[in-house]
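# Coordinate inspection notes
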Amino acid sequence: MSSAGAVRVKLLFFAKSRELAGLSGTDDFLVPHAEIKCSELLDLICNRFNLSIIRNNVILAHNEQYCDDLGETLRIRNGDELALTFDKLDVGALNDLVAHESCGAISLFVGTTRDNFEGKSVVLLEYEAYEAMALKTMNLLCDEVRARWSDVVNIGIHHRLGTVPVKEASVVIAISSPHRKSSLEAVHFTIDELKKSVPVWKKELYGDGEGSSEWKENSECTWSQKYKANHIQ
């Protein structure tokens, strides 16, 4: 079967289905179409993972909601590639993850640590995040991107945590679309909105010989602006 038009989804198995499938889940299951009836998806899963003998007892859920009506048509999109990691970011790998047969454009933004800020020598940056909230906010941001640019196919956002030396990437955003206009505009929007809303904090460590450092805030940060507005005397 050709993978053109197919959607890659994540599956999780529990209890008897996990035992019969021989695994707890997979990130690499291809659904042939973005729109598919629940009953057809259930058949595909059961046939692929040796669950046919319990097919009538398998409970299907999509996006953490039960599929009560097997005649219902699901609209499935490719899962967005979101990550917060202490590992060094791999720009090429994220590029490959968002690539798609239908797309003629992948636009990238790579934010790196520079060695200076306002005349001070910067040795490295240090990031920390409210991880659960950050990932939730990143998911909402992806929804907003898709609402604004309906032809966007895949979105990848990887943000590094911990220490990030000079010249290394702290954030990589990759977006694919059939034509370059949408992916370029969407990448620009995504980095601006990420800086505004995603709860990630940055500390600059300076090379002044005294080990001095300072927590910095993005000028776009909405909660900082709200705090300042509420505390103006």
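Nothing here was measured: the structure is a model prediction, and the numbers come from that model. (Residues numbered from 1 in each chain as written. Predicted model: local features only at pLDDT ≥ 70, side-chain atom pairs only at ≥ 80, totals over all residues. Heavy atoms only, no water.)

### Quick look at the overall build of the chain
A count of helices and strands for the chain gives 6 helices and 15 strands. Sorting the 233 residues of the chain into buried and exposed places 39% on the buried side. Across the chain, every contact between residues at least 6 apart in sequence was considered, and the portion connecting residues at least 24 apart equals 67%. When the accessible surface of the chain is split by element, carbon and sulfur atoms take 49% of a total near 14,100 Å². (Helix = DSSP H or I, 4+ residues; strand = E, 2+ residues; numbered from the N terminus. Buried < 20%, exposed > 50% of the residue type's maximum accessible area, 1.4 Å probe, protein only. Contact = heavy atoms within 4.5 Å. Areas by Shrake-Rupley, 256 points an atom, 1.4 Å probe, with all protein chains shown as cover.)

### Observations concerning the sheet that holds strand β11 (residues 154-160)
Ordered by their spatial adjacency, 4 strands build an open sheet running β7-β11-β13-β8, and the pairing between neighbours is mixed. One side of each edge strand has no neighbouring strand; the edge strands of this open sheet are β7 (81-85) and β8 (105-112). Averaged over all pairs of adjacent strands, the angle between strand axes in this sheet comes to 5°, irrespective of strand direction. Against the sheet, helix α4 (residues 131-148) contacts β7 and β11, and its axis sits at roughly 155° relative to β7. Sheet contacts for helix α5 (residues 180-197): β8, β11 and β13 (169-177); angle to β13, the most-contacted strand, approximately 145°. (Pairing = 2+ DSSP bridges. Axes fitted to C-alpha atoms, helices over the stretch in contact; angles between N-to-C directions.)

### Things to note about the packing of aromatic side chains
Within this structure, the stated rule accounts for 3 aromatic pairs. Between Phe 29 and Phe 49, the ring centres sit 5.7 Å apart and the planes meet at 50°, which makes this aromatic pair tilted. In this pair, Phe 29 is assigned in strand β2 (residues 25-31) and Phe 49 in the loop between α2 (38-48) and β4 (61-62), connecting sequence segments 20 residues apart. Grouping residues by exposure puts Phe 29 and Phe 49 together as buried. In this structure an aromatic cluster arises from ring pairing among Phe 13, Phe 29 and Phe 49. (Phe/Tyr/Trp six-rings, centres within 6.5 Å; stacked < 30°, edge-to-face > 60°.)

### Re unusual backbone geometry
Glycine aside, the phi torsion of most residues is negative, and most peptide linkages are trans. Positive phi values are uncommon outside glycine, yet Ala 15 reaches one of about 55°. Residue class for Ala 15 comes out exposed when judged on its relative accessible area of 52%. In this structure, Glu 118 is a non-glycine residue whose phi angle is positive, near 50°.

### Examining the pairing of strand β1 (residues 7-12)
Side chains of β1 alternate between two faces, with Val 7, Val 9 and Leu 11 buried and Arg 8, Lys 10 and Leu 12 left unburied. Taken together, the 5 bridges between β1 and β2 define a ladder with antiparallel strand orientation. Paired with Val 7 across the two strands is Val 31, which belongs to β2.

### Observations regarding a nonpolar patch on the surface
A contiguous nonpolar patch, built from Tyr 130, Met 133, Trp 201 and Trp 215 and spanning about 430 Å² of accessible area, is present on the exposed surface. As for its position among the elements, Trp 201 is in strand β14 (residues 200-206). Of the residues examined, Trp 201 reaches a relative accessible area of 35% and is grouped as partly exposed. (Patch = residues over 30% accessible without salt bridge, like charges linked within 9 Å, V, L, I, M, F, W, Y side chains within 5 Å. Salt bridge = Lys/Arg side-chain N within 4 Å of Asp/Glu carboxyl O.)

### What to know about the nonpolar core
In terms of nonpolar packing, the biggest core is built from 29 residues, with Val 145, Val 152, Ile 155, Ile 157, Ile 173 and Ile 175 touching the most fellow members. Elements with a contribution of two residues or more to this core: β7, β10 (120-129), α4, β11, β13, α5 and β14. Beyond its immediate sequence surroundings of up to four residues, Val 152 is in contact with Val 145, Arg 146, Ile 175, Ser 176, Ser 177 and Ala 186. Judged by nonpolar contacts, the second largest core, of 20 residues, contains Ala 21, Val 31, Cys 46 and Ile 54. (Core = buried A, V, L, I, M, F, W, Y, C linked by side-chain atoms within 4.5 Å.)

### Notes on the UniProt feature "binding site: substrate" (unreviewed entry) in the chain
Summarizing the sequence annotation, UniProt attributes the feature "binding site: substrate" (unreviewed entry) to His 179, Arg 180, Lys 195, Lys 202, Lys 203 and Glu 204 in the numbering used throughout. Looking at the element boundaries, His 179 is found in the loop between β13 and α5. By relative accessible area, His 179 is classed as exposed at 58%. (UniProt positions renumbered as here; feature names shortened; annotations may be inferred.)

### Here's the deal with α5
The terminal C-alpha atoms of α5 lie 26 Å apart, and with 18 residues this matches the ideal 26 Å at 1.5 Å per residue to within 8%. When α5 is considered as a whole, its buried residues turn out to be Ser 182, Ser 183, Ala 186, Val 187, Phe 189, Thr 190, Ile 191 and Leu 194. (Expected span 1.5 Å × (residues − 1).)

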